[in-house]
Amino acid sequence: MKIKSLLLIGALFAVGCSAPKEDQIDKRVNDLLGKMTLEEKIGQMNQVSGGYQFIDQIAAGNIGSILNIVDPVEVNAVQKAAVEQSRLGIPLLVSRDVIHGFRTIFPIPLGMAATFNPEIVEKGARIAAIEATASGVRWTFSPMLDIARDSRWGRVAEGSGEDPYLDVQMGVAMVKGYQGDNYADPTSLAACVKHFVGYGAAEGGRDYNTAMISERALRNTYFPAFKACVEAGALTLMTSFNDVDGLPSTGNDWLLTDILRGEWGFDGMVVTDWNSSGELVSHGYAEDLKDATALSVNAGVDMDMMSFGFVQHIKALVEEGRISEKTIDNAVRNILRLKFRLGLFENPYVDETLAAKVAYAPEHLEAAKQCATESVILLQNNNNTLPLKSAKTILVTGPMADAPYDQLGTWAFDGEEQHTVTPLDALKNDYKVIYEPGLGYSRDNNTSGIAAAKAAARRADAVVVFVGEEAILSGEAHCLSQLNLQGAQSKLIAAMKATGKPVVVVVIAGRMLTIEKDMAQCDAMLYSLHPGTMGGAAIADLITGRAVPSGKSPMTFLRDAGQAPFYYNHPMTGRPNNGTETLLNDIPIKAGQTSLGCTSYYLDSGYGPHLPFGYGLSYTTFEYSDITLDKQQYAADDTIVVEYTLANTGSYDATEVVQLYVRDLVGSVVRPVKELKGFERVALKAGETKRCRFELPVSELAYWNRDMKYVVEPGKFQLWVAGDSASGEAHSFEVK
Ligand code: NOJ
């Protein structure tokens, strides 16, 4: 089993393949640094958005990196200004938000996380790197590692969801995929782990909002993926917009220097988020842009994205002694080291014919389809409605059935909708399709088209309703206070249910919506997190039964947005609900103050979520049995061997994502009720049974305890092996 983290392999790999060259790089960095004027150093620390318009500035040595150009001709032109016209010929670093694919768009990162398949995620990142670098882009602002426990936040789309362990696995897979085996390879795309830190904990799920996170919670929950990616060789890191406990990250020296450089030994480059240095002024943390620049640079920022404070103020700040030249030299060293590592001095230009050759290569589309297929979560399948095997004629309806742009999701800057396969396109190959969209777009409140869809349903054997969110409803700055389906989509589903035909609902969205009521109005529901270029083909495979769903939810589904933030691995309360919740309408009139039991739940939505983290059904059924541990008591350096039998008891060959959870029963601080510690995709033929195992080193039970020490505290633990975070039976063990 691959519980022993991918990290180790990543770290060994990074050291093994670049150790001798690194010595030369340090020397070259120092030689070059020795020739640079202060102005040239400041120029390297400046990143701007654009291309041709900056040629003169680039030639003057005032710009070290640009973002947002992807035309190889333009990339070469600006590069030429840097390499052939600037005094020292230092190449530019060209960057872009390549977040879930470049041309071939993969599912949004939350969808990739739903695959629980680091291999396909790594492959997706590699493909993104091949396509992006062919356009001259050598640096992407991905992966986003922000733990997100509130679907109101639009950026849940861009991360791996609510769980730190899954975040580590997905983040490391992306870093490895983007950067490849050798940084200097022309297809190596430098990763940027972001947003450091706590951005996903924005209060109320409102973007850019403040986050209140204790140091212990940072270390136990928000840091692990950043640390793991640093160990796996991530070349760069981006600071976040938000403050944590009053300290905006871009000016937080504890984060950027003590933790990142000191504790984790990061020798890559740190960039701000877009104007996040300038925004120290809006935060009321800096007096003006000059002050903000001093705070950012002294905290440990190397490169400024778009505040222009560095170019405007560093020189004066150095002259005034508010920033030391040593600090500037260190920042520039980090930038030059990156450029040498990427081989930009040897290979500054891109072959201008390459981009068109590699985009949408058949193997890229095939991998995107596999990833999309594995990302879809089956939430309900009453009476085995899916797959639609016997239906000949189907009604396809709903605003997301043929929305080639929207199914690409947020951050698909370079995806092209004319290459998108929509569900409508794909289903036409399998069924006689009647298409009546019912609604024009996801927010549409005009119900006049629903009657036509209803009438058409009479001619169909089954109805497939595609609802969800347009791409614009999730992603940066696209937060919601309600998580229901927008517009008249729920009405469309209910109208289809009223026809009496079998109704399959496919939700295509950028977050976990509150769809409990809609589920009651359909026979089966598939949930697809904006699935990208090949989404339609993947969904058609699932609807026909050519493929069997295996996705699992990387976030808890809520009954109501008012439950947020709600996550499975929350700390245990002193009054957990024991299942005797009395809901609003069951409360007797004039009930006594303490008659409801005084436990932790909502009177209107109860204790539990709609569906738990890790949830996802299959067309087959899986049975877990004979879960055994090799011992009852373990020493700190032991490995826990957990064996289990998994049987595919249904009639489809299928894959189950088996999940391993642990609970530390008593801690020096309150511990989470459960924590994911491993997962494995197990493929079984119909009727097949397999004995499988997890190996969990006891050291992986460590956490930052009351004394802020990373230790395994001896004591009693419980362990579950199950298909989601709310199933299975507890097995006890002890650490001595
Ligand atoms: C702002 C976003 O927060 C960040 O994620 C992105 O990489 C930059 N803009 C650059 O576009």
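Residues numbered from 1 in each chain as written. Predicted model: local features only at pLDDT ≥ 70, side-chain atom pairs only at ≥ 80, totals over all residues. Heavy atoms only, no water.

Visitor: What's the story with helix α7 (residues 164–179) in this structure? I'm lost.
Guide: Note: α-helices contain 3.6 residues per turn, so residues at a spacing of three or four share the same orientation. With 16 residues, α7 ought to run about 22 Å at 1.5 Å a step, and its terminal C-alpha atoms sit 22 Å apart, in line with that. Counting buried positions along α7 yields 16 of 16 residues, so the element is predominantly enclosed. N-capping of α7 is provided by Asp 163, with a side-chain oxygen placed 3.0 Å from the backbone N of Tyr 165. Downstream of α7 by a residue or two, Gly 180 has a phi angle that is positive, lying close to 65°. (Helix = DSSP H or I, 4+ residues; strand = E, 2+ residues; numbered from the N terminus. Expected span 1.5 Å × (residues − 1). Buried < 20%, exposed > 50% of the residue type's maximum accessible area, 1.4 Å probe, protein only. Polar contact = N/O pair within 3.5 Å; in protein donor to acceptor, adjacent residues only side chain to side chain.)

Visitor: Explanation requested: the site of the ligand in the structure shown.
Guide: Close to the ligand lie 13 residues; Asp 97, Arg 155, Lys 194, His 195 and Asp 273 are nearest. A distance of 2.4 Å separates an oxygen atom of the ligand from a polar side-chain atom of Asp 97. Between the ligand and the protein, one listed contact pairs an oxygen atom with a side-chain N or O atom of Asp 273 at 2.5 Å. In the complex, the protein chains occlude 95% of the 300 Å² of accessible area that the ligand would expose alone. Taken together, the residues of the shell around the ligand sort by class into seven nonpolar, one polar and five charged. (Near = heavy atom within 4 Å. Areas by Shrake-Rupley, 256 points an atom, 1.4 Å probe, with all protein chains shown as cover. Nonpolar A, V, L, I, M, F, W, Y, C, P; charged D, E, K, R; others polar.)

Visitor: When you look at the packing of helix α16 (residues 362–375) against helix α21 (residues 535–544) in this model, what are you seeing that I'm missing?
Guide: Helix-helix packing is described using two parameters, namely the angle between the two axes and the distance between the axes. At a minimum axis distance of 8 Å, the contact between α16 and α21 shows a crossing angle of 50°. Taken together, α16 and α21 sit at an angle that is classed as oblique. You can see that α16 and α21 cross each other, and the crossing is right-handed. Every residue of α21 that contacts α16 at Lys 369, Ala 372 and Thr 373 is listed here: Gly 535, Ala 537, Ala 538, Asp 541 and Leu 542. Residue classes in the contact of α16 with α21 are distributed as four nonpolar, two polar and two charged. (Axes fitted to C-alpha atoms, helices over the stretch in contact; angles between N-to-C directions. Parallel < 35°, antiparallel > 145°, perpendicular 65-115°, else oblique. Left-handed = near helix turned anticlockwise from the far one by under 90°. Contact = heavy atoms within 4.5 Å.)

Visitor: So what exactly am I meant to see when it comes to the side chain of Ser 249 here?
Guide: Considering the arrangement of structural elements, one finds Ser 249 in the loop between β8 (247–248) and α10 (253–263). For Ser 249, the side chain forms a polar contact with the side chain of Ser 240, separated by 2.7 Å.

Visitor: I would appreciate a short explanation of the environment of Pro 348 in the present structure.
Guide: The residue Pro 348 is located in the loop between α14 (325–341) and α15 (354–358) in this model. Expressed as a C-alpha distance, the spacing of Pro 348 and Arg 443, which sit 95 residues apart in the sequence, is 46 Å. If we ignore the near neighbours within four places in the chain, the residues touching Pro 348 are Gln 79, Val 83 and Pro 91.

Visitor: Is there a simple way to explain the environment of Tyr 624 in this structure?
Guide: Mapped onto the secondary structure, Tyr 624 falls in strand β17 (residues 622–629). A sequence separation of 39 residues divides Tyr 624 from Arg 663, and the C-alpha atoms of the two residues are 19 Å apart. Those residues in contact with Tyr 624 that sit more than four places away from it in its chain are Tyr 644, Thr 645, Leu 646, Glu 656, Val 657, Val 658, Val 721, Ala 722 and Gly 723. Among the polar contacts listed, one links the side chain of Tyr 624 to the side chain of Glu 656, at a separation of 2.6 Å. There is a polar contact of 3.4 Å between the side chain of Tyr 624 and the backbone nitrogen of Gly 723.

Visitor: Can you help me understand unusual backbone geometry in this one?
Guide: The general pattern is negative phi for most residues beyond glycine and trans for most peptide bonds. The omega torsion across Ser 142 and Pro 143 is 5°, close enough to zero to call that bond cis. That bond from Ala 564 to Pro 565 is cis: its omega, -5°, falls within 30 degrees of zero. Its identity as a non-glycine residue notwithstanding, Phe 116 has a phi of 45°, on the positive side. Here Phe 116 shows up in the loop between α5 (109–114) and α6 (118–133). What makes Phe 116 buried here is its relative accessible area of 1%. At Lys 590, a position not held by glycine, the phi torsion is positive, near 60°. Residue position: Lys 590 is located in the loop between α21 and β17. In this structure Lys 590 comes out as exposed when scored by relative accessible area, which is 81%.

Visitor: How do you make sense of the side chain of Asn 117 when you look at a structure like this?
Guide: Position of Asn 117 relative to the elements: it lies in the loop between α5 and α6. The contacts of Asn 117, once residues within four sequence positions are left out, are Met 170, Gln 370, Glu 374 and Arg 681.

Visitor: Quick question: what am I supposed to make of the environment of Val 358 here?
Guide: Inspection of the secondary structure assignment puts Val 358 in helix α15. The exposure class assigned to Val 358 is buried, which follows from its relative accessible area of 17%. Taking the C-alpha atoms as reference points, Val 358 and Gln 179, separated by 179 residues in sequence, lie 17 Å from one another. In this structure, Val 358 is in contact with Ile 130, Glu 131, Ala 134 and His 364, ignoring residues within four places of it in sequence.

Visitor: How should I be thinking about the sheet that holds strand β15 (residues 503–509) in this particular structure?
Guide: The strands making up a sheet associate through backbone hydrogen bonding, with each pair oriented either parallel or antiparallel. Pairing is mixed across the open sheet formed by six strands, whose spatial order is β11-β16-β15-β14-β12-β13. The sheet terminates laterally at β11 (377–381) and β13 (432–436), the two strands that pair on one side only. This sheet shows a mean twist of 20° between the axes of neighbouring strands, independent of strand direction. Bridge count between β15 and strand β16 (residues 524–529): six bridges; the pairing is parallel. Each residue of the ladder has a partner; that of Val 507, found in β16, is Tyr 527. Sheet contacts for helix α19 (residues 489–497): β12 (393–397), β14 (462–468) and β15; angle to β14, the most-contacted strand, approximately 170°. (Pairing = 2+ DSSP bridges.)

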